[in-house]
Amino acid sequence: MPKRSAKTHEPARGSLIRASRTPRVQVYLTPEQERALDARLARIEGHLTAVRRMLAEHQDCNSLLVQLAAIKAALNQAIIVLLESHMDACIIACAIDEESRTALEGLKEAMAIVLRKT
């Protein structure tokens with residue numbers, strides 16, 4: 001993903017620009033995607049707080065491990081959403097031909113599989 005910078009005046013093809021009083025920033029998520037990702041991260045944050053409470057209550061290691069694995073899976077899903085958005089806005093939008101787009105779609109699917117299995 002290109003670095004966000006106040007000096008950036010040309011957005012990547014397919015990226016969104018949000019108007020505000022602050023310097024223009026490239027945005028790679030639609031407002032809906034951003035809300036969904038923020039909600040997912042808030043759920044992860046709440047889950048992590050609950051696990052910290054479990055730790056303070058000296059709950060058993062197996063229970064903690066199960067909950068941490070759930071947090072890891074949820075975080076992987078957040079990463080997938082962000083990577084897919086990046087690929088759509090920054091990479092696929094810049095692909096020249098259909099063969100390139102097809103190859104990038106395959107990469108997107110492969111990355112999702114790998115992240116879901118870790």
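We now turn to the structure provided with this report. (Residues numbered from 1 in each chain as written. Predicted model: local features only at pLDDT ≥ 70, side-chain atom pairs only at ≥ 80, totals over all residues. Heavy atoms only, no water.)

Time to look at helix α2 (residues 61-91). Three or four residues apart is the spacing at which side chains of an α-helix point the same way, because the helix has 3.6 residues per turn. With 31 residues, α2 extends 42 Å between its outermost C-alpha atoms, agreeing within 8% with the 45 Å of an ideal straight helix rising 1.5 Å per residue. Those residues of α2 that fall on the buried side of the exposure criterion are L64, I71, N76, A78, I80, S85, H86, M87, A89 and C90. The N-cap residue of α2 is D60: its side-chain oxygen and the backbone nitrogen of N62 are 3.3 Å apart. (Helix = DSSP H or I, 4+ residues; strand = E, 2+ residues; numbered from the N terminus. Expected span 1.5 Å × (residues − 1). Buried < 20%, exposed > 50% of the residue type's maximum accessible area, 1.4 Å probe, protein only. Polar contact = N/O pair within 3.5 Å; in protein donor to acceptor, adjacent residues only side chain to side chain.)

Further remarks concern the nonpolar core. Nonpolar side chains in soluble globular proteins tend to be buried together. One finds I44, V51, M54, L64 and I71 forming the largest nonpolar core, which totals five residues. Those elements that place two or more of their residues in this core are α1 (31-56) and α2. Among the elements that make up this core, the one with the highest residue count is α1 (three residues). The residues touching I44, leaving out its near neighbours within four places in the chain, are I71, A74 and L75. (Core = buried A, V, L, I, M, F, W, Y, C linked by side-chain atoms within 4.5 Å. Contact = heavy atoms within 4.5 Å.)

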